[in-house]
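This is what each chain is made of:
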Amino acid sequence: MAFNGNININIPKELVLSAASLVSDGGQSQINSERLTLGNDLETGLATTSDKKGQLVFNSKQFLLQGGNINLAGFDSFTVNATQGMATNGVSQLDAKSAQVTFNTPLFTALTGSQSTISTQKTLTIDSIESQASSLDAAGGKLTLKANGLSVNSQLQAHSGKISLDAGTGELLLGDKAKLDVSSHRKDFYDVTRYSPAGDINLQAQGDIKVTDKAQLNLAGLGDSQAGQLSIQGQGKIELLALANAKAKNSSQSGRFSLTSASAIDLNNLVDWLNDSGFQQSVNISSKQGNLVLATNKTLNAHQIQLQAQGGTGQQDTQQGNVIIDGTLNAANGQVAKISLEGRSSVQINGQLLANNAQQAGEINLMTSGQSNGQVDANYGYRLVNANDSGKIV
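Keep in mind the model is a prediction, meaning the values are calculated, not measured.

**Considering the overall build of the protein chain**
In step 1: Summing up its helical and strand segments, the protein chain has one helix and 40 strands in all.
In step 2: For the protein chain, the spread of C-alpha atoms along the principal axes amounts to about 75 × 60 × 40 Å.
In step 3: Looking at the protein chain residue by residue over its 394 residues, the buried ones come to 48%.
In step 4: If you take every contact in the protein chain between residues at least 6 apart in sequence, the share linking residues at least 24 apart comes to 62%.

**Thoughts on the sheet that holds strand β29 (residues 292–294)**
In step 1: Judged by pairing direction, the sheet is parallel, and its four strands sit side by side in the order β29-β32-β35-β40 without closing on themselves. Looking at strand neighbours, the two that pair on one side only are β29 and β40 (392–393), the edges of this open sheet.
In step 2: Relative to strand β32 (residues 322–325), β29 runs parallel, the two sharing three bridges. For Leu292, the partnering residue across the bridge sits in β32 and is Val323.

**Thoughts on the environment of Ala295**
In step 1: With respect to the helices, strands and loops of the structure, Ala295 is situated in the loop between β29 and β30 (299–301).
In step 2: The sequence separation of Ala295 and Ser225 amounts to 70 residues, and the corresponding C-alpha distance is 34 Å.
In step 3: If we skip the residues at most four places from it in the chain, Ala295 touches Asn268, Asp326 and Gly327.

**Thoughts on the pairing of strand β35 (residues 346–349)**
Put simply, side chains in a regular strand alternate between the two faces of the sheet.
In step 1: Pairing of β32 with β35, which is carried by four bridges, proceeds in the parallel orientation. What sits directly across from Asn322, in β35, is Ser346.
In step 2: Of the pairings in the sheet, the one linking β35 to β40 comprises two bridges and is parallel in character. For Val347, the partnering residue across the bridge sits in β40 and is Ile393.

**Some details on the packing of aromatic side chains**
In step 1: Counted according to the given criterion, the structure contains nine aromatic pairs.
In step 2: Centroid distance Phe58 to Phe63: 5.9 Å. Interplanar angle 25 degrees. Geometry classified as stacked.
In step 3: The class for Phe58 is buried, based on a relative accessible area of 0%.
In step 4: Ring centres 6.2 Å apart and planes at 5 degrees place the aromatic pair Tyr380 and Tyr382 in the stacked group.

**Focus: the nonpolar core**
Nonpolar side chains in soluble globular proteins generally cluster together in the buried interior.
In step 1: One finds Phe58, Leu165 and Phe257 to be the most contacted residues of the largest nonpolar core, which totals 86 residues.
In step 2: Look past the residues within four positions of Leu165 in its chain and what remains in contact with it is Leu145, Leu150, Val152, Leu156, Leu172, Leu174, Leu180, Asn202, Leu203 and Gln204.

**Overview of unusual backbone geometry**
In step 1: Even without being glycine, Lys97 reaches a positive phi, approximately 55 degrees.
In step 2: Relative to the helices and strands, Lys97 resides in the loop between β8 (91–95) and β9 (100–104).
In step 3: A positive phi angle, close to 55 degrees, is found at Ser160, a residue other than glycine.
In step 4: Note on placement: Ser160 falls in the loop between β15 (155–157) and β16 (162–166).

**Regarding the sheet that holds β30**
In step 1: Judged by pairing direction, the sheet is parallel, and its three strands sit side by side in the order β30-β33-β36 without closing on themselves. The two strands at the open ends of the sheet, each matched to only one other strand, are β30 and β36 (352–354). Ignoring which end each strand starts from, the neighbouring axes of this sheet average 5 degrees apart.
In step 2: Note: strand β33 (residues 328–330) against β36, three bridges, orientation parallel. In the strand pairing of β36, Thr328 is matched with Gln352.

**Describing the pattern of salt bridges**
In step 1: Counted according to the given criterion, the structure contains seven salt bridges.
In step 2: Between Lys249 and Asp224 there is a salt bridge; the shortest N-O distance is 3.2 Å. Placement of Lys249 in the loop between β26 (244–245) and β27 (256–261) and of Asp224 in the loop between β23 (216–218) and β24 (229–234) is noted, with a sequence separation of 25 residues between them. Each member of the pair, Lys249 as well as Asp224, carries the same accessibility label: exposed.

**What about the side chain of Asp95?**
In step 1: In this fold, Asp95 is placed in strand β8.
In step 2: On the accessibility criterion, Asp95 (19% relative accessible area) is buried.
In step 3: Among the polar contacts listed, one links the side chain of Asp95 to the backbone nitrogen of Lys97, at a separation of 2.9 Å.
In step 4: Those residues in contact with Asp95 that lie beyond four places of it in its chain are Ile70, Asn71, Leu72 and Ser119.

**A closer look at a nonpolar patch on the surface**
In step 1: On the surface, Phe189, Tyr190 and Val192 cluster together into a nonpolar patch covering about 390 Å² of accessible area.
In step 2: Locating Val192 in the fold gives a position in strand β20 (residues 192–196).
In step 3: According to the relative accessible area criterion, Val192 is partly exposed, its value standing at 31%.

What counts, and where the lines are drawn
- Residues numbered from 1 in each chain as written.
- Predicted model: local features only at pLDDT ≥ 70, side-chain atom pairs only at ≥ 80, totals over all residues.
- Heavy atoms only, no water.
- Helix = DSSP H or I, 4+ residues; strand = E, 2+ residues; numbered from the N terminus.
- Buried < 20%, exposed > 50% of the residue type's maximum accessible area, 1.4 Å probe, protein only.
- Contact = heavy atoms within 4.5 Å.
- Pairing = 2+ DSSP bridges.
- Phe/Tyr/Trp six-rings, centres within 6.5 Å; stacked < 30°, edge-to-face > 60°.
- Core = buried A, V, L, I, M, F, W, Y, C linked by side-chain atoms within 4.5 Å.
- Axes fitted to C-alpha atoms, helices over the stretch in contact; angles between N-to-C directions.
- Salt bridge = Lys/Arg side-chain N within 4 Å of Asp/Glu carboxyl O.
- Polar contact = N/O pair within 3.5 Å; in protein donor to acceptor, adjacent residues only side chain to side chain.
- Patch = residues over 30% accessible without salt bridge, like charges linked within 9 Å, V, L, I, M, F, W, Y side chains within 5 Å.
- Areas by Shrake-Rupley, 256 points an atom, 1.4 Å probe, with all protein chains shown as cover.

Here it is in structure tokens:
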């Protein structure tokens, strides 16, 4: 679909655009319709890239990204203003190429069973607008946003589904109006109410990741259902200033948490955040810089706990790769009580590790590693490691 010159289209009620590619010659294009749908029903071939710098603006009350693969070519910016909400449906992929993407909407919903990816080589921004959102009853949708710099300051909704935010080489910001909601979905069957399990939230960036103090992460398990999982992968500074809601009726059904960080982690502050947010089923924390130190007055409560300090050079290194537990790791009374600690330089236990279970014995694993000196044991064939190049367990 070609956009030649400056274009302004007004369709009062509803407009459906179906094309593999939207291609601009560098002009400014604006399309206005109360309900606007973009898709690729025929799944025709995609256009090549273009060095033009056009602008494309969609103005609507409701915007729907329908199924199919779509890309933009020749656009420097792509903006959607949807005063009642945006939604994705079916299996779709929108590639904005080199366009800076902005969505202004009070609510972005992944409809039931949808699998949608929106990506750009530039930045992607989602801002809220002061208007009444149209609530949609949906569950199990998956929404993935990829950019080199990603800012969310509106509501993303995928009940019992999955929301994945990948900021690429840039920073990931969840602002004060951000609300990521993958909590349980309620379904009424005559006089019976059932809840589906909560879903997943994935946050990833090579730059910093910041969740401001008024943002919301909702992974709650309602009724008797399972709470969701929060996974974070970051190479820069990670700030979690707002509590998540990963609570459930029983601690064995509460939230799961996974953090992989290339930078140092303040374990004491993180433990407070995890306990208050309700991540009690499993906690997995891995750091490639610094030590993981739990202070004497701190307790981490989760049925499965895994801590990894992957930096360091061996037992002589006191600044990197040490897991030091002066407080308490409490995995007791879980259906599967398990604690695994791994430090490249050392694992030091001065506090308590609790993995007792009334039904069965728990499990505690303490691990370290070493660097081979290049020699092999003549009798048994294993590689030899010098003491100073290996970790220690104390």
